[in-house]
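This is what each chain is made of:
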Amino acid sequence: MSDHEVSEVSCPVSSITSKYVHTCQNRTRCAVNCLNWTPDGRRCITGDNIGQLTLWNSTDFKFEQTLQSQDKGVRAVTFSHNGSFLFTCDDTGAVRILKSTLAPLDSIAAHQEACRAVAVAPTDVKFATCSDDQSVKVWDLATLSADRTLTGHGSDVRYVDWHPSSSLLASSGRDALIKMWDAREEPSAAGLATLHGHKGPVNQVKWNANGTWLLSGSRDQTVRVWDIRHTKKELHSWQGHTREVYSVAWHPVHLELLASGDGNGTLMFCMVGQQQPLTKVELAHEASILGLGFHPNGHMLATCSMEACTKMWVRPRPGDPWRDAKQGEQDDASVYSDLLASAAAGQQGAATGAAAAAGQLPGGIAVQLPGGGGIPGLGVPGQHQQQHHQQRGFKRQRDDAAGGFQEQQQQQQRRGALWASSYPPRFGEEDLEPAGEGLAGEFQEEGELERAAAAAVDADLARHADLAAADMAAEVAAGMQPPFPDWEPDLGDWDLDAPEFDPGFDFDPGFDPGFDFGDAGVDFDEELCRAVLAAMGPAAAQPPAAVQA
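Now for a look at the structure at hand. (Residues numbered from 1 in each chain as written. Predicted model: local features only at pLDDT ≥ 70, side-chain atom pairs only at ≥ 80, totals over all residues. Heavy atoms only, no water.)

1. Some thoughts on the overall build of the protein chain
Piece 1. When its secondary structure is counted, the protein chain shows eight helices and 32 strands.
Piece 2. Split into buried and exposed, the 549 residues of the protein chain put 45% on the buried side.
Piece 3. Partitioning the intrachain contacts of the protein chain with sequence separation of at least 6 by distance along the chain shows that 46% fall at a separation of at least 24.
Piece 4. With an accessible surface of roughly 28,600 Å², the protein chain has 50% of that area assigned to carbon and sulfur atoms. (Helix = DSSP H or I, 4+ residues; strand = E, 2+ residues; numbered from the N terminus. Buried < 20%, exposed > 50% of the residue type's maximum accessible area, 1.4 Å probe, protein only. Contact = heavy atoms within 4.5 Å. Areas by Shrake-Rupley, 256 points an atom, 1.4 Å probe, with all protein chains shown as cover.)

2. Here's the deal with the environment of alanine 308
Piece 1. With respect to the helices and strands, alanine 308 occurs in the loop between strand 27 (300–305) and strand 28 (309–314).
Piece 2. Spatially, the C-alpha atom of alanine 308 lies 8.0 Å from that of aspartate 48, the residues being 260 residues apart in sequence.
Piece 3. Those residues within four positions of alanine 308 in sequence are excluded, and the remaining contacts are Gln25, Asn26, Arg29, Cys30, Ala31 and Val32.

3. Observations concerning the side chain of lysine 137
Piece 1. Mapped onto the elements, lysine 137 comes out in strand 12 (residues 136–140).
Piece 2. Among buried charged residues, lysine 137 stands out as having no salt bridge; its nearest opposite-charge side chain is aspartate 133, 5.2 Å away.
Piece 3. Here the side chain of lysine 137 touches alanine 110 through a polar contact of 3.0 Å, landing on its backbone oxygen. (Lys, Arg positive; Asp, Glu negative; His and termini not counted. Salt bridge = Lys/Arg side-chain N within 4 Å of Asp/Glu carboxyl O. Polar contact = N/O pair within 3.5 Å; in protein donor to acceptor, adjacent residues only side chain to side chain.)

4. Digging into the environment of leucine 53
Piece 1. The topology assignment puts leucine 53 in strand 4 (residues 52–57).
Piece 2. You can call leucine 53 buried: its relative accessible area is 1%.
Piece 3. For the pair leucine 53 and leucine 67, spaced 14 residues apart in sequence, the C-alpha to C-alpha distance is 5.0 Å.
Piece 4. Aside from chain neighbours lying at most four places away, what touches leucine 53 is Ile45, Thr46, Gly47, Gln65, Thr66, Leu67, Ser69, Val74, Val77, Leu86 and Thr88.

5. Notes on the side chain of aspartate 90
Piece 1. In this structure, aspartate 90 sits in strand 7 (residues 85–90).
Piece 2. We note that aspartate 90 is buried and unpaired, the nearest opposite charge coming from arginine 96 at a distance of 6.9 Å.
Piece 3. A polar atom in the side chain of aspartate 90 sits 2.9 Å from the side chain of glutamine 70.
Piece 4. Excluding its chain neighbours within four sequence positions, the residues that come into contact with aspartate 90 are Gln70, Asp71, Lys72, Gly73, Val74, Arg75, Ala114 and Cys115.

6. Some words on the sheet that holds strand 10 (residues 115–120)
Piece 1. The four strands lie next to each other as 10-11-12-13, forming an open sheet whose pairing is antiparallel. Lying at the two open borders of the sheet, with one neighbouring strand each, are strand 10 and strand 13 (145–150). Averaged over all pairs of adjacent strands, the angle between strand axes in this sheet comes to 25 degrees, irrespective of strand direction.
Piece 2. Two strands pair when backbone bridges link them, and strand 11 (residues 126–131) and strand 12 are joined in this way by five bridges, in the antiparallel orientation. Bridged to phenylalanine 127 within strand 12 is tryptophan 139. (Pairing = 2+ DSSP bridges. Axes fitted to C-alpha atoms, helices over the stretch in contact; angles between N-to-C directions.)

7. A short note on the packing of aromatic side chains
The relative placement of two aromatic rings is captured by the distance of their centres and the angle of their planes.
Piece 1. Throughout the structure, instances matching the rule amount to five aromatic pairs.
Piece 2. Both rings, one in phenylalanine 87 and one in phenylalanine 127, keep their centres 5.0 Å apart while their planes meet at 40 degrees; by these two values the pair is tilted. Linking phenylalanine 87 in strand 7 with phenylalanine 127 in strand 11, this pair joins segments that are 40 residues apart in sequence. With respect to burial, phenylalanine 87 and phenylalanine 127 carry one shared label: buried. (Phe/Tyr/Trp six-rings, centres within 6.5 Å; stacked < 30°, edge-to-face > 60°.)

8. Focus on the sheet that holds strand 27
Piece 1. With respect to topology, four strands assemble into an open sheet ordered 1-28-27-26, the strand pairing being antiparallel. Looking at the sheet topology across the chains shown, the edges are occupied by strand 1 (19–25) and strand 26 (289–294). The sheet shows a mean angle of 20 degrees between the axes of neighbouring strands, direction not considered.
Piece 2. By the bridge criterion, six bridges tie strand 1 to strand 28 in an arrangement that is antiparallel. Bridged to threonine 23 within strand 28 is lysine 311.

9. Describing the nonpolar core
Piece 1. In terms of nonpolar packing, the biggest core is built from 26 residues, with Val160, Trp162, Leu169, Ile178 and Leu214 touching the most fellow members.
Piece 2. Among the elements that make up this core, the one with the highest residue count is strand 14 (residues 157–162) (four residues).
Piece 3. Those residues in contact with leucine 214, other than ones at most four positions away along the chain, are Ala170, Ile178, Leu195, Val205, Lys206, Trp207, Arg224, Val225, Trp226 and Trp250.
Piece 4. The next biggest cluster of nonpolar side chains, apart from the first, holds 17 residues, and it includes Met271, Leu278, Ala284 and Leu292. (Core = buried A, V, L, I, M, F, W, Y, C linked by side-chain atoms within 4.5 Å.)

10. So, the pattern of salt bridges
Piece 1. Per the counting criterion, the structure on display carries twelve salt bridges.
Piece 2. Here lysine 126 ties to aspartate 147 by a salt bridge, and the two come within 2.4 Å at their closest N and O atoms. In this pair, lysine 126 is assigned in strand 11 and aspartate 147 in strand 13, connecting sequence segments 21 residues apart.
Piece 3. Owing to a relative accessible area of 30%, aspartate 147 belongs among the partly exposed residues under this scheme.
Piece 4. With a closest N to O distance of 3.8 Å, aspartate 156 and arginine 174 form a salt bridge. Residue aspartate 156 is located in the loop between strand 13 and strand 14, and its partner arginine 174 is located in the loop between strand 15 (168–173) and strand 16 (178–182); the two are separated by 18 residues in the primary sequence.
Piece 5. Salt bridges here are not isolated pairs; linked through shared partners, they connect Lys126, Asp140 and Asp147.

Given below as structure tokens:
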């Protein structure tokens with residue numbers, strides 16, 4: 001194994017799958033309740049709220065196949081350890097067994113109410129189911145008969161999981177309890193042990209591959225890890241969620257790394273040994289995250305939600321900030337990059353707040369960095385941020401110790417000062433130099449030039465307005481037709497200012513026509529009328545006698 005491979009195995013924070021890559025949208029818009037990866041990792045299979053199973057390719061994330069598996073919503077999708085069988089359960093309490101090719105084999109009515117989960121024994125000979133009827137049942141795969149019925153919960157049983165190497169069962173329920181059972185012994189109400197600690201219904205419980213840790217997520221917005229060797233109190237507890245925790249999962253390679261999803265659509269990553277979450281992806285989904293699962297190789301994470309889609313997440317490259325449509329641009333590197341940088345430099349990790357020795361992550365986890373130094377392209381967050389903005393064409397500069405202006409800020413304030421005042425807002429009267437000298441004189445000179453330019457612009461606009469009026473008058477005159485073919489207007493008769501003009505009645509100063517010409521849409525432009533008459537040419541003839549009469 002190479003040094004790089006060793007460093008990746010010994011560094012869990014390098015496997016935080018917080019970078020969004022793709023959305024697999026279901027053809028039928030309904031909630032996606034559960035998901036799982038095939039044992040070979042080539043496909044991701046999801047179960048939705050209308051009883052359909054959907055296959056997605058794990059390489060290009062393309063849709064492959066849809067199968068109507070159940071009559072109601074699918075609640076669990078579980079593969080046997082050898083990959084030969086697929087178990088699904090639904091809201092009617094039925095459990096269906098299929099081949100790995102999705103060909104149906106058999107179906108049993110396991111419960112009277114909704115069946116929530118299916119867990120397979122490490123030998124693939126037995127499997128267990130849990131239901132809203134407050135029971136956990138152990139089944140024989142060969143005969144499809146129930147061997148045990150465990151009835152220790154006082155309410156709905158939300159989840160059941162089988163120990164990775166023994167006959168232990170762990171179940172969680174709406175009664176806020178986690179119970180452990182032995183599938184070989186006769187059932188008892190107490191079970192082997194009961195874990196108290198959650199303040200609300202426990203939605204999921206998962207065994208770690210090491211066989212000693214148990215992960216749980218609850219409505220009390222906490223994620224907890226239990227050590228079955230010390231069951232009086234949880235080993236770790238994280239409170240980073242703001243809504244009910246619906247789904248949890250262990251990383252398949254780094255046993256201390258885990259992920260959880262809540263009702264706000266927030267995806268959170270934690271590590272045993274760290275009191276605070278490593279990182280959170282806010283609004284990873286627009287609705288509750290109902291299921292999540294790591295790829296068997298650990299490099300990818302799939303999440304499903306009530307928004308009728310499945311999203312794929314991968315590991316960001318070390319020191320590579322990523323852009324997400326819901327979160328905007330992240331200027332700093334992600335939390336795992338900060339941890340790697342602190343391990344490389346032997347400084348304190350910014351995301352954990354705990355001292356880390358050189359070559360170690362906080363918590364005493366050893367890290368072997370390739371080449372004995374830093375990772376290429378990965379610096380401390382401040383240096384990385386500066387390099388990132390320089391690459392994108394931005395120049396981020398800071399004020400000096402004396403609080404002076406930078407060049408870019410001076411240009412912006414000068415442009416604003418030309419139209420507002422003769423000095424920038426951050427200057428006071430006492431800071432100005434004598435007129436004609438220094439910054440104030442420069443502003444005054446530029447102000448005079450701007451005023452002169454504005455006056456020239458106003459004059460040019462006025463000239464263009466006059467030309468536009470003349471062109472409009474000529475266009476109107478060209479479109480007008482004289483009332484008679486042999487008649488041209490006599491401006492003398494049409495001149496309203498002529499002293500001999502007699503309208504035929506006397507205008508009384510108190511005369512009221514009864515309506516407003518402006519309200520009626522009449523717009524009389526006297527100047528335009530005069531221009532039109534002038535453009536029609538001088539009077540060459542008087543109107544015919546008949547017209548005059």
